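Tertiary structure, described
The chain contents come next:
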Amino acid sequence: MHRYKTKRLKMRGQKSPLFILKMFKEKVTKLLQEVLEEESSLFLISKEIQAGNKIVIVIDGDNGVTLSDCMKVSRHIEHNLDREEEDFSLEVLSSGISEGITHIRQYKKNVGRKLEVIMADNNKVTGTLVEADDEKVKLQWKAREPKPIGKGKVTVQKELEIPYKDIVKAKVMVTFN
């Protein structure tokens with residue numbers, strides 16, 4: 001059995017690479033918070049700082065996201081970071097339909113649209129999002145069920161309230177009429 005020990009180099013007056021990375025992440029987070037406070041209709045979906053200081057930010061907005069919105073966020077961050085100090089690349093993206101819904105504000109902005117929701121008990125429900133508050137969503141859909149008396153089926157209106165804590169995945173269903 002071989003053991004390899006790594007020696008810690010003492011760098012007098014220099015900061016460790018991990019410390020520098022932590023400071024970089026904190027600065028990016030602060031800049032992002034500043035621009036999202038200025039643009040209150042926008043909100044953060046995800047922020048990731050990958051190897052090589054590749055910054056990937058995904059935003060959404062109560063009224064959607066325009067190219068101009070992405071540019072505002074990008075410029076605010078880029079103009080306040082010093083490339084001489086730390087090299088980086090920056091991507092600001094808008095949340096797409098394929099990415100699903102992850103935030104309460106996304107549910108609220110999609111009231112009236114058709115959603116597919118997978119719940120913690122593995123049940124899948126597809127219906128129109130008719131209500132979204134800070135604790136739950138309400139879906140409605142029509143279903144064919146056997147008549148209570150006699151043969152045949154009848155169309156009934158179904159409704160289900162689902163607490164956010166029970167939602168594993170939700171996505172907007174795109175329909176073409």
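Above this text sits the structure in question.
Residues numbered from 1 in each chain as written. Predicted model: local features only at pLDDT ≥ 70, side-chain atom pairs only at ≥ 80, totals over all residues. Heavy atoms only, no water.

Scanning the chain from N- to C-terminus turns up 3 helices and 8 strands. When the helices and strands of the chain are placed in sequence order, the string is α-β-β-α-β-α-β-β-β-β-β. Long-range contacts, defined here as pairs at least 24 residues apart, represent 49% of the contacts in the chain between residues at least 6 apart. Within the structure as shown, the chain displays about 12900 Å² of accessible surface, and the carbon and sulfur contribution to it stands at 50%. (Helix = DSSP H or I, 4+ residues; strand = E, 2+ residues; numbered from the N terminus. Contact = heavy atoms within 4.5 Å. Areas by Shrake-Rupley, 256 points an atom, 1.4 Å probe, with all protein chains shown as cover.)

So, on to the packing of aromatic side chains. All told, the structure shown has 2 aromatic pairs when counted by the stated rule. Between F24 and F88, the aromatic rings sit 6.2 Å apart at their centres with planes inclined by 45°, giving tilted as the arrangement. Taken as a pair, F24 in helix α1 (residues 17-38) and F88 in the loop between α2 (67-79) and β3 (89-94) lie far apart in primary sequence, 64 residues in all. Overall, the relative accessible area of 7% leaves F24 in the buried class. (Phe/Tyr/Trp six-rings, centres within 6.5 Å; stacked < 30°, edge-to-face > 60°. Buried < 20%, exposed > 50% of the residue type's maximum accessible area, 1.4 Å probe, protein only.)

It is worth spelling out the sheet that holds β3 at this point. Strand order in this open sheet of 3 strands is β1-β2-β3, and the pairing throughout is mixed. The strands lining the two open edges of the sheet, one partner per strand, are β1 (42-50) and β3. Each adjacent strand pair in this sheet contributes to an overall mean axis angle of 15°, direction not counted. Relative to β3, α2 is tilted by about 155°, and along the sheet it contacts β1, β2 (54-61) and β3. (Pairing = 2+ DSSP bridges. Axes fitted to C-alpha atoms, helices over the stretch in contact; angles between N-to-C directions.)

Taken by themselves, the reported measurements are silent on function.
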